[in-house]
Amino acid sequence: ENNVENASYATEYADKLIDNGDIDEAISVLENALSYNKSNSMLYMKIGKAYSENSDFRDAVDVLESLFELDRNNYRIAMLISENNMEMDEFEDAYEWAQKALKISKSNAESLSHMGNLYYRAMQTCRGDNFSRSDKIIASIAYNYFLKAEKKGNSKHFKQKNWLESTDGVLFTYQDWFMVGED
């Protein structure tokens, strides 16, 4: 408690606070340490994750964007920013960051799976009781990203992929093409 400007000590102490459920105090300790260590990526990451765990998604995005400025080649940071934007239903921003993750990672399995989950979450959040053509198109895009990720060895979102496969009328089919009208 006496040496909170030391980054290693601060993160260790913050972990104990988080384990005890005192996330707000952990964030305070980490932010204090960050004020002495402005370029410490580990502190930014810990603060971003603590904000996210505390459902302070806007603050998490702000901190993680600062971290991304320090490490622009880290696709996982871009994915974390995207995930926090998804939590706030800010799908346009989430998409932009997911696209950055795809580009940086050269479309690796993890970023493909993340993009599939983004489309899946957007579809689930925005759809009505009945699946519209637009919902089906978005579901099909999500499904295709899940398939690409799975081919590269990532099945993190297999439950979502299986739901898309097993739920009738969700995926855009050959028959749907013939029903596409001007509306």
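Since the model is a prediction, treat every value here as computed from it, not as a measurement. (Residues numbered from 1 in each chain as written. Predicted model: local features only at pLDDT ≥ 70, side-chain atom pairs only at ≥ 80, totals over all residues. Heavy atoms only, no water.)

K.L.:
Could you clarify how one ought to interpret the pattern of salt bridges in this entry?
P.N.:
Two side chains of opposite charge can pair, provided their charged atoms sit close to one another. Counting across every chain of the model gives seven salt bridges. Of the charged contacts, one joins Arg76 and Glu110 as a salt bridge, the two residues approaching to 2.9 Å between their closest N and O atoms. Residue Arg76 is found in helix 5 (residues 75-87), and its partner Glu110 is found in helix 7 (residues 109-126); the two are separated by 34 residues along the sequence. Looking at Glu110, the relative accessible area reads 25%, which means it is partly exposed. When salt bridges with common partners are traced through the structure, they connect Glu150, Lys161 and Glu165 into a single cluster. (Salt bridge = Lys/Arg side-chain N within 4 Å of Asp/Glu carboxyl O. Helix = DSSP H or I, 4+ residues; strand = E, 2+ residues; numbered from the N terminus. Buried < 20%, exposed > 50% of the residue type's maximum accessible area, 1.4 Å probe, protein only.)

K.L.:
Would you take a moment to explain a nonpolar patch on the surface for this structure?
P.N.:
Taken together, the side chains of Tyr174, Trp177 and Phe178 present a nonpolar region at the surface, about 470 Å² in accessible area. A relative accessible area of 59% places Trp177 in the exposed class. (Patch = residues over 30% accessible without salt bridge, like charges linked within 9 Å, V, L, I, M, F, W, Y side chains within 5 Å. Areas by Shrake-Rupley, 256 points an atom, 1.4 Å probe, with all protein chains shown as cover.)

K.L.:
I would appreciate a short explanation of helix 5 in the present structure.
P.N.:
Residues lying three or four places apart along an α-helix face the same way, a consequence of the helix completing one turn every 3.6 residues. In a regular helix each residue adds 1.5 Å, so 13 residues correspond to 18 Å; helix 5 covers 19 Å between its end C-alpha atoms and thus fits that length. Burial within helix 5 is extensive, with ten of its 13 residues counted as buried. Those residues of helix 5 that fall on the buried side of the exposure criterion are Tyr75, Ile77, Ala78, Met79, Leu80, Ile81, Ser82, Asn84, Asn85 and Met86. Looking at the buried residues of helix 5, the elements they touch are helix 3 (41-53), helix 4 (57-70), helix 6 (91-105) and helix 7. Where helix 5 begins, one side-chain oxygen reaches toward the backbone nitrogen of Arg76, 3.0 Å away; that side chain belongs to Asn74. The positive-phi residue at the C-terminal boundary of helix 5 is Asp89, with phi of around 60°. (Expected span 1.5 Å × (residues − 1). Contact = heavy atoms within 4.5 Å. Polar contact = N/O pair within 3.5 Å; in protein donor to acceptor, adjacent residues only side chain to side chain.)

K.L.:
Is there a simple way to think about the packing of aromatic side chains in this case?
P.N.:
The geometry of an aromatic ring pair is captured by the separation of the ring centres together with the interplanar angle, meaning the angle of the planes. All chains considered together, the criterion is met by seven aromatic pairs. Plain terms: the ring middles of Tyr119 and Tyr145 are 5.8 Å apart, the flat faces sit at 10° to each other, and that makes the pair stacked. Here Tyr119 is found in helix 7, whereas its partner Tyr145 is found in helix 8 (residues 133-151), with 26 residues between them in sequence. In this pair, the class of Tyr119 matches that of Tyr145, namely buried. With a centroid separation of 6.4 Å and an interplanar angle of 55°, the aromatic rings of Tyr120 and Phe146 are classed as tilted. Of this pair, Tyr120 sits in helix 7 while Phe146 sits in helix 8, placing them 26 residues apart in sequence. Overall, Tyr120 belongs to the buried group, its relative accessible area being 11%. (Phe/Tyr/Trp six-rings, centres within 6.5 Å; stacked < 30°, edge-to-face > 60°.)

Geometric descriptors of this kind do not, in isolation, establish any biological role.
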